[in-house]
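Okay, here's what each chain looks like letter by letter:
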Amino acid sequence: MASGSRVPEDAVRAVSPGRRGEEIVSALTGDSVMAAALKSAASPVRSVVASPRPLKGKAGREAARRRLQLLPGSQTEGREQGPEEEEEEALLSVPEEDEEAQPLPPVCVFPMRGMWREEKVALYCDQVLQGYKAEDADDAMSKYLSEKLKLKDKWLGVWKANPELFFVKYEESSIPFVGILVEVTCKPRQSSSSCFKVTVSIAEPFSSNIANIPRDLVDEILEELEHSVSLLEVYPIEGQDSDLHDIALALEVVRFFYDFLWRDWDDEESCENYTALIEERINLWCDIQDGTIPGPIAQRFKKTLEKYKNKRAELFEYQSSIKEDPSAAEAVECWKKYYEIVMLCGLLKMWEDLRLRVHGPFFPRILRRRKGKRNFGKTITHIVAKVMTTDMVKDLSPDTLLQQHDDLDLALDSCYSGDTVVIFPGEYQAVNLALLTDDIVIKGIGKREEIIITSEPSHDSFVVSKADNVKLMHLSLIQQGTVDGIVVVESGHMTLENCVLKCEGTGICVLTGAALTITDSEITGAQGAGVELYPGSVAILERNEIHHCNNLRTCDSSKSTLGGVNMKVLPAPKLKMTNNHIYNNNGYGVSILQPTEQFFIVAEEALNKGAASGDKRDDNMLSKVMQNLNLEMNNNKIEANLKGDIRIVTS
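In this text, all values refer to a predicted model and were calculated from it rather than measured experimentally.

### Section: the overall build of the protein
Here is step 1 of the chain: Looking only at helices and strands, the protein has 17 helices and 30 strands in total.
Here is step 2 of the chain: Across the 651 residues that make up the protein, the buried fraction comes to 50%.
Here is step 3 of the chain: A separation of at least 24 residues holds for 69% of the contacts in the protein among residues at least 6 apart in sequence.
Here is step 4 of the chain: Here the protein has roughly 30,000 Å² of accessible surface; of this, 49% comes from carbon and sulfur atoms.

### Focus on the sheet that holds strand E17 (residues 500-502)
Here is step 1 of the chain: With parallel pairing, the eight strands of this open sheet are ordered in space as E9-E11-E14-E17-E20-E23-E26-E29. The open sheet has two edge strands with one neighbour each: strand E9 (426-429) and strand E29 (637-639). Pairwise comparison of adjacent strand axes, ignoring direction, gives a mean angle of 10 degrees for this sheet.
Here is step 2 of the chain: Bridge analysis of strand E23 (residues 545-547) against strand E26 (residues 581-583) gives three bridges, and the strand direction is parallel. Directly across from His547, in E26, lies its bridge partner Tyr583.

### Digging into the pattern of salt bridges
Here is step 1 of the chain: Within this structure, the stated rule accounts for 18 salt bridges.
Here is step 2 of the chain: Of the charged contacts, one joins Glu314 and Lys337 as a salt bridge, the two residues approaching to 3.9 Å between their closest N and O atoms. Taken together, the positions of Glu314 in helix H11 (residues 295-321) and Lys337 in helix H12 (residues 328-352) put the pair 23 residues apart, joining distant regions of the chain.
Here is step 3 of the chain: Judged by relative accessible area, which is 15%, Lys337 ranks as buried.
Here is step 4 of the chain: A salt bridge links Asp468 to Arg370; its shortest N-O distance comes to 3.5 Å. Taken together, the residues Asp468 in the loop between strand E12 (463-465) and strand E13 (469-473) and Arg370 in the loop between helix H13 (354-359) and strand E6 (380-384) connect sequence positions 98 residues apart.

Criteria and cut-off values
- Residues numbered from 1 in each chain as written.
- Predicted model: local features only at pLDDT ≥ 70, side-chain atom pairs only at ≥ 80, totals over all residues.
- Heavy atoms only, no water.
- Helix = DSSP H or I, 4+ residues; strand = E, 2+ residues; numbered from the N terminus.
- Buried < 20%, exposed > 50% of the residue type's maximum accessible area, 1.4 Å probe, protein only.
- Contact = heavy atoms within 4.5 Å.
- Areas by Shrake-Rupley, 256 points an atom, 1.4 Å probe, with all protein chains shown as cover.
- Pairing = 2+ DSSP bridges.
- Axes fitted to C-alpha atoms, helices over the stretch in contact; angles between N-to-C directions.
- Salt bridge = Lys/Arg side-chain N within 4 Å of Asp/Glu carboxyl O.

So, to be careful, I would describe these as geometric facts and stop short of saying anything about function.
Here is the structure:
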């Protein structure tokens, strides 16, 4: 086996399969879906069955491919060869006069994974795609590439070709791609798609990651392709001038866009702000990479995306196999495949919308049953502290049953309805907070800033309840990594009293039919509304601070209005707000999301008339709207919110 440099792992990117075939990556060879599976490469390797120099012409090329086929790894490793196998290996070894390929030189490495989230957003949203719509994304990428390609019209690179061009049968894990050192000639682009094509020829010395690949075979395949290959399949090598580093980086930027940010449906749907949509996808990708979205959940998304791509490829292949007018059965099969794609597309869109992602089908709700009360009817107070002292329990009544735990999770797991969990200062984690089904009280002793409970990054949810009546008091809840809302009330009633909620994902979500009471608490940092009320929910908010929420750029105008409190109507939720301070949110202080323009058309007109003079609303009309919505607001201070104070939004 020949030795040589290994291609750096993070220099290898999946080749974008594209969405319109020849328009974007028309020089992709073989199956585009297989080409998208290209991964990292090793040093030059010898095929298991080596071939002599092939004959000229198509027959010779096919013979060479057959001789280059690889046996499955299970048949070639970990076993002894018999006499016949040894003789076959000797007969089919590479003749000494054949030229063996040299090791591939290292390619330029610009790992996009190493860029900060903000850097990616600035690059794509503020530079490459600024001012472009989804249907013009190809033009934006083509223009960006063509500007970089002007720096140098000839350079050396590694062409990473689809192994199907060279092997009839092969192990993808052993040969992820066939790399050939080529000289690249960049011609002025004739169209947006032509920028993605380059002319290549074999460079000297002949180099490949397959030590015994016949040079004549490579020559004939290039002739078959008219020496034109996809630019995205070519990786500039190190050791050239600085202009090549700029070209290599530009290629990485375009590959990353088509591999991770582009969706096949983008140019089929209108989006007012395409760069905002790209930012959401960048955030999704970064959340997956840094573990904000737990690994198992991220795998579900990746599998769904891969399934979508495969189903789309299956549909195109099936349609192309129909030679004449389709029969009734063929038409039905086409529609069946099409609707499968539509359903998968809908699931993927949920992932790109943070609020839909949180409560979409990816997140199972609580399945644990309620324990109810203990058989002997007594309740227990659970003390959570490393060491329990008499001073800790001096204020409890003498007949209180006590149980001490040094782990909050164990305390919650031991609870029955009616129990109380008392937490002393310290930092805690508890996955059982996402499984609250019994009526218990969880309270901290001391200052709320001293009793810190953080979420477990590897889990979906933080605090989730479907208990009839559960209460959290004097606590600081710090969300880190979970993608569900910081607190989700599925059903029943939850009370939050004197708590601090520092969000990283969405804020507090009160689902349909559930109820929430929050008093003397602080909510901050949510990507979306601080408190989100689903249709038919009930909430009472008194003496709270809700600030710096909706820290997420979005192309959806309805989502950009979210800030302090968001209400979804039909049926309208009930909300009572008293003495709250809602400020410095990136949307409105309070937003009311209605499904149709007619539902509050009169109220909207009245609000607009009232806002005409000095932006003052008619208090009488606003009170009528609030009465229709079961919305009671008294003595609240709503100020310094980016969009305004109160807004009715039509979805």
